[in-house]
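Descriptive analysis of the structure
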Amino acid sequence: MEYKSCAEYAIKNLKNELDGKRDKKNIYIFEYSSPAKLFISYFHKMDMTVKGMIDNRPEKIGKKFQNVKVLSVEQFCQSQKDKSVVLCEKGKAKKLEEMTSGSDNTEIIEIDVYNYKASEDCLDWSESKGMIEIAKAQEEMMKILKWFHYFCEKNHLHYTLYSGSLIGAIRHQGFIPWDDDVDVIMPAKDYFKCCELLSEEEEYEFLSIFNNKEYFTSTISKLLSKKYKREERNFPLRQKMGIGIDIWSLGGFPNDISDQKVFSDNMEKIGNEWKEKVVIPYGTSLFCKKDYEQLVKKIKETILKYDLADSRWVSCIYCGTFGFNHGRSRVMLKEDYINRHLTKFETEEFWIPDGYDKILKADYGDYMILPLEEKRESKKIRVYQLG
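So, a few notes on the structure that sits alongside this text. (Residues numbered from 1 in each chain as written. Predicted model: local features only at pLDDT ≥ 70, side-chain atom pairs only at ≥ 80, totals over all residues. Heavy atoms only, no water.)

1. Focus on the overall build of the protein
Note the cut-off: What counts as a helix is a DSSP run of H or I of at least four residues, what counts as a strand is a run of E of at least two, and both are numbered from the N terminus. The size measure is the radius of gyration over C-alpha atoms, and the globule rule it meets is 2.2 Å times the number of residues to the 0.38 power. Per-residue accessibility, obtained with a 1.4 Å probe over protein chains only, is compared with the maximum for each type, and a residue is labelled buried under 20%, exposed over 50%, and partly exposed between these values. Residue contacts follow a heavy-atom distance rule, with two residues in contact if any of their heavy atoms lie within 4.5 Å. Here the open area of atoms and residues is found with the Shrake-Rupley method and a 1.4 Å probe, where only the protein chains shown may cover a residue. The charge count treats Lys and Arg as positive and Asp and Glu as negative. His and the chain ends do not count. To locate a charge, take NZ of a lysine, CZ of an arginine, CG of an aspartate or CD of a glutamate.
What the protein contains, in helices and strands, is 12 helices and 20 strands. Taken against the 2.2 N^0.38 rule, which gives 21 Å for 387 residues, the C-alpha radius of gyration of the protein at 22 Å falls within 12% of a compact globule. Each principal axis of the C-alpha atoms in the protein carries an extent, and together these give about 65 × 55 × 45 Å. Here the protein holds 387 residues, and the buried ones make up 53% of them. A sequence separation of at least 24 residues applies to 68% of the contacts in the protein between residues at least 6 apart. Split by element, the accessible area of the protein, about 18900 Å² in all, is 46% carbon and sulfur. In the protein, the 62 positive side-chain charges and the 64 negative ones have mean positions that sit 3 Å from each other.

In structure tokens, the structure reads:
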């Protein structure tokens, strides 16, 4: 898979800014973000301590990456007795200065993390036939979804539309006009059977950490077009990847809400570990096959930890932040996900969960309200037709 990483570029700039120049005893990083995780991973390998991350977003306060905690701006300012260094992405120093009121004890250092323009494509598409409109991309994704539906029916696999595709089915009776993928969710055992069977199919490209054919950096399994591709953005990586279906797993959760929160937090920790040990070092000498394989095993064990058949409560099992959303539980009664019916989506009918309203409200709030125009624009991607 063709890719480009800005990890080494960002670390080189980080070292140039810090090496031999400044006191490194009190290092903080601005914002809980993928670049922050890259910096912390570097410091961790160098046995250097990061005191904390600073963020003004309420949902980020208290989160951790490699035991580095996110502090509010107020918490940071109150703790400043000695001189501190705060690292931030290039272009964010002014925002940080305004938030910290230009503290005399704070030295802000901007780090250039991108060796390409973050808002633009950076891979070589010169051999493609050029870009296509989103409507054309959605035509291709519709073909893949129809194929997947019949594949599941033939193999007695349970699926339902999920996430943006579920919103599309309810609000638009088809694709959200600016949506660039299809989302489906499957009960864990069906999910793994699906991964096994799709590994043998040749109609479309199947990428998953569970098909053992190649190293893959996303923990979401994907069924993709071979004709139309785009740049998948997973900092610090850019990868050429087909358009198509994201396949998510549905698993059981414990009954007690506090245990649900612990289980959800553990998934986020595994997601952070995946970022540290797979995504960040991918394509470099620091990438470790053993770490990759151990994490794949850990993720599979997490998906299967609570048997769906014996569980009253369920949710998407994803090693990121899916069990709880900004402190609000996404965990649902099993029947909300498992009971299903067919509904119109464009010119066809596909399965959706009976509890779609509860599921979508937990994820998005009032999902019938259209997002602001600028948010729709920010989701637009460039799709290329291969020669």
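Having put the structure on the table, let's press on.
2. Some words on helix 1 (residues 7-18)
Where we set the bar: In a helix, the anticipated span is given by 1.5 Å times the number of residues less one. By arc we mean the arc of the directions from the helix axis to the C-beta atoms, nothing more.
For helix 1, built from 12 residues, the straight-helix expectation of 16 Å at 1.5 Å per residue is met to within 8% by its first-to-last C-alpha distance of 17 Å. For helix 1, every residue scored as buried is listed here: Ala 7, Ala 10, Ile 11, Asn 13, Leu 14 and Leu 18. Considered in projection along helix 1, the buried side chains sweep an arc of 160° and stay on one side of the axis. In helix 1, those exposed residues whose orientation departs by more than 90 degrees from the buried face are Glu 8 and Lys 12.

3. Quick look at the side chain of Asn 234
Our working definition: Counted as a polar contact is a pair of N or O atoms within 3.5 Å, where, for protein atoms, one must be capable of donating a hydrogen and the other of accepting one, and residues adjacent in sequence contribute only when both atoms are in side chains.
Tracing the sequence through the fold places Asn 234 in strand 12 (residues 221-234). A polar contact is formed between the side chain of Asn 234 and the side chain of Lys 275, at a distance of 3.2 Å.

4. Regarding unusual backbone geometry
In this structure, Pro 236 follows Phe 235 across a cis peptide bond, with omega equal to 5°. Mapping Pro 236 onto the fold places it in the loop between strand 12 and strand 13 (237-253). Even without glycine at this site, His 156 takes up a positive phi of about 55°. Backbone geometry at Gln 173 places phi at a positive 55°, although glycine is not the residue there. Here Gln 173 lies in the loop between helix 6 (163-172) and strand 10 (182-187). Note on Gln 173: relative accessible area 39%, which makes it partly exposed.

5. Focus: the nonpolar core
Heads up, the condition is: In this description, a nonpolar core means a group of buried Ala, Val, Leu, Ile, Met, Phe, Trp, Tyr and Cys residues linked to one another through side-chain atoms lying within 4.5 Å.
Ranked by size, the top nonpolar core spans 66 residues in total, and within it Phe 148, Val 184, Met 186, Leu 223, Ile 245, Ile 247 and Trp 274 carry the most contacts. With eight residues, the top contributor of residues to this core is helix 5 (residues 134-154). Contacts of Val 184, omitting those with residues within four sequence positions, involve Leu 145, Phe 148, Tyr 159, Thr 160, Leu 161, Tyr 162, Ile 245, Asp 246, Ile 247 and Trp 248. Core analysis: the next-biggest nonpolar cluster, separate from the first, contains 32 residues, Tyr 32, Ala 36, Phe 43 and Met 53 among them.

6. Things to note about the packing of helix 8 (residues 257-279) against helix 9 (residues 289-303)
For the record, the criterion: Think of each axis as a best-fit line through the C-alpha atoms, taken over the contacting stretch in the case of a helix, with angles from 0 to 180 degrees between the N-to-C directions. Note on terminology: angles under 35 degrees are roughly parallel, angles over 145 are roughly antiparallel, angles of 65 to 115 are roughly perpendicular, and the others are oblique. In this scheme the handedness of a crossing depends on how the near helix is turned from the far one: anticlockwise by less than a right angle means left-handed, clockwise means right-handed. Charged means Asp, Glu, Lys or Arg here, nonpolar means Ala, Val, Leu, Ile, Met, Phe, Trp, Tyr, Cys or Pro, and polar covers whatever is left, Gly included.
Helix 9 packs onto helix 8 with a crossing angle of 160° between their chain directions and a minimal axis gap of 10 Å. Considering their axes alone, helix 8 and helix 9 lie roughly antiparallel with respect to each other. Read as a crossing pair, helix 8 and helix 9 show a hand that is left-handed. Contacts from Phe 263, Met 267, Ile 270, Glu 273, Trp 274, Lys 277 and Val 278 in helix 8 reach Asp 291, Tyr 292, Leu 295, Val 296, Lys 298, Ile 299 and Thr 302 in helix 9. Residue composition of the contact of helix 8 with helix 9, grouped by class: nine nonpolar, one polar and four charged.

7. Some details on the sheet that holds strand 2 (residues 27-30)
Hydrogen bonds between backbone groups are what pair the strands of a sheet, and the pairing can be parallel or antiparallel. For clarity, the threshold we go by: Any two strands with at least two DSSP-identified bridges between them are counted as paired.
Strands sit in the order 4-5-3-2-6-7 across an open sheet of six strands; the sheet is mixed. If you trace the sheet from one side to the other, it starts and ends with strand 4 (64-65) and strand 7 (106-111), each paired once. In this structure, strand 6 (residues 84-89) lies alongside strand 7, joined through six bridges in parallel fashion. Its bridge partner being in strand 7, Cys 88 is matched across the sheet by Glu 110.

8. So, the state of the cysteines
Definition in use: Pairs of cysteine sulfur atoms within 2.5 Å are what we label disulfides.
With the rule as written, the count across this model stands at zero disulfides. Unpaired in terms of disulfides, Cys 288 finds its nearest cysteine sulfur in Cys 319, a separation of 18 Å.

9. Focus: the pairing of strand 3 (residues 50-54)
Among the five residues that make up strand 3, four are buried, leaving the element largely enclosed by the rest of the structure. Two strands pair when backbone bridges link them, and strand 2 and strand 3 are joined in this way by four bridges, in the parallel orientation. Counted as the bridge partner of Phe 30 is Ile 54 from strand 3. Where strand 3 and strand 5 (residues 68-71) come together, two bridges link them in parallel fashion. In the strand pairing of strand 5, Ile 54 is matched with Leu 71.

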